[in-house]
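Chain residues, written in single-letter form:
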Amino acid sequence: APIPASGAADAPATGAFEIERTLAEVLGEERAAGLTAIAPPDRPVSWEVYVPSGYDPADPPGLLVYISPIQSGRVPQNWERVLESRNLIWVSENRSGNQVHVQRRALYAVIAPSLISADYRIDRSRIYLTGMSGGGKMASMVAVDHAHLFKGAVYNCGVEFWDKKPKRLEQVKQNRYVFVTGQYDQALRPTRRVHGRYRQAGVENVKLMVIDGMGHENPPWREMEEALAFLDGEEGDD
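Keep in mind the model is a prediction, meaning the values are calculated, not measured.

With that settled, consider the environment of Val 26. Residue placement: Val 26 occurs in helix 1 (residues 23-27). Under the relative-accessibility criterion, Val 26 is labelled buried at 19%. Between the C-alpha atoms of Val 26 and Pro 113, which are 87 residues apart in sequence, the distance is 9.8 Å. Those residues in contact with Val 26 that lie beyond four places of it in its chain are Arg 21, Ile 111, Ser 114 and Leu 115.

Structure, rendered in structure tokens:
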């Protein structure tokens, strides 16, 4: 069960918990009605959330939006310690895996900051996007299309290069991106290739991480912390 941040019954919850909201509740009925072709405005949607135990609106956390390749949006094993140390809230839609239409997955990734900011104060300069495998490919599309919203992204074992020049390429160049793959990952060569294409396009704030012994999976927590430190500007680029 979620724990109130200050012990008060009406205080924002911390820890891991699940919430349900409709598109209309997040965006308002008028805006949601305009998106009916993508998602029903009044259908409840389940989200996995993790809020650091030390949540303090005076020192607002960043936000890490995760696009899952499977039905569950839960925090990967041991990543809670990274969210705590980096002061990041986690949010991921459940039942939004690779079988779900790309427009719907993209929509719910983009509205996730609005969902969380309704109850928590967040640092909007630290809104990041990540995903694994097919979720990583989705993240690479959404992060570029919405570079004004997501200031950085971590692509885990899945990434795509844009089909045409992004409308916000200058903003993309200001953001930071990490390309994570494993020594035995089936996406190793595509990840290397797309990382190189980012650099060729003039996106200099990029980092490639090839993890020894890792296959097609989310990285261990230490490597994920390294990736997030790069997004926070604590490490140099390649």
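The next subject is empty space enclosed by the protein. Where empty space is left in the structure can be found by rolling a water-sized probe over the atoms. One pass over the full model with this rule turns up 1 cavity of 30 Å³ or more. Estimated volume of the largest cavity: approximately 80 Å³. What lines the largest cavity is a set of 13 residues, and nearest its centre among them are Tyr 66, Ile 67, Glu 93, Ser 96 and Ala 109. Elements with a contribution of two residues or more to the lining of the largest cavity: strand 4 (62-67), strand 5 (88-93) and helix 4 (102-117). Its residues assigned to classes, the lining of the largest cavity comprises 8 nonpolar, 3 polar and 2 charged.

A few words now on the environment of Val 82. Tracing the sequence through the fold places Val 82 in helix 3 (residues 80-86). For Val 82 and Phe 17, which are 65 residues apart along the polypeptide, the C-alpha to C-alpha distance reads 17 Å. Those residues in contact with Val 82 that sit more than four places away from it in its chain are Asn 87, Trp 221, Met 224, Glu 225 and Leu 228.

All right, on to the layout of surface pockets then. Size it by volume and the largest pocket reaches roughly 340 Å³. Lining the largest pocket are 13 residues, with Met 141, Asp 145, Trp 162, Asp 163 and Lys 164 positioned closest to its centre. Taken together, the residues of the lining of the largest pocket sort by class into 5 nonpolar, 1 polar and 7 charged. Within this model, the second largest pocket holds a volume of roughly 190 Å³. As for the second largest pocket, its lining consists of Val 102, Ala 106, Leu 107, Val 110, Met 138, Met 141, Val 142, Asp 145 and His 146. When residues of the lining of the second largest pocket are traced back to their parent elements, those giving at least two are helix 4 and helix 5 (134-145). For the lining of the second largest pocket, the class distribution of residues is 7 nonpolar, 1 polar and 1 charged.

Calculation criteria
- Residues numbered from 1 in each chain as written.
- Predicted model: local features only at pLDDT ≥ 70, side-chain atom pairs only at ≥ 80, totals over all residues.
- Heavy atoms only, no water.
- Helix = DSSP H or I, 4+ residues; strand = E, 2+ residues; numbered from the N terminus.
- Buried < 20%, exposed > 50% of the residue type's maximum accessible area, 1.4 Å probe, protein only.
- Contact = heavy atoms within 4.5 Å.
- 1 Å grid on protein atoms, 1.4 Å probe; cavity = no way out; pocket = protein on both sides within 12 Å on 5 of 7 lines; lining within 4 Å.
- Points joined across faces, edges and corners; volume = space filled by probe spheres on them.
- Nonpolar A, V, L, I, M, F, W, Y, C, P; charged D, E, K, R; others polar.

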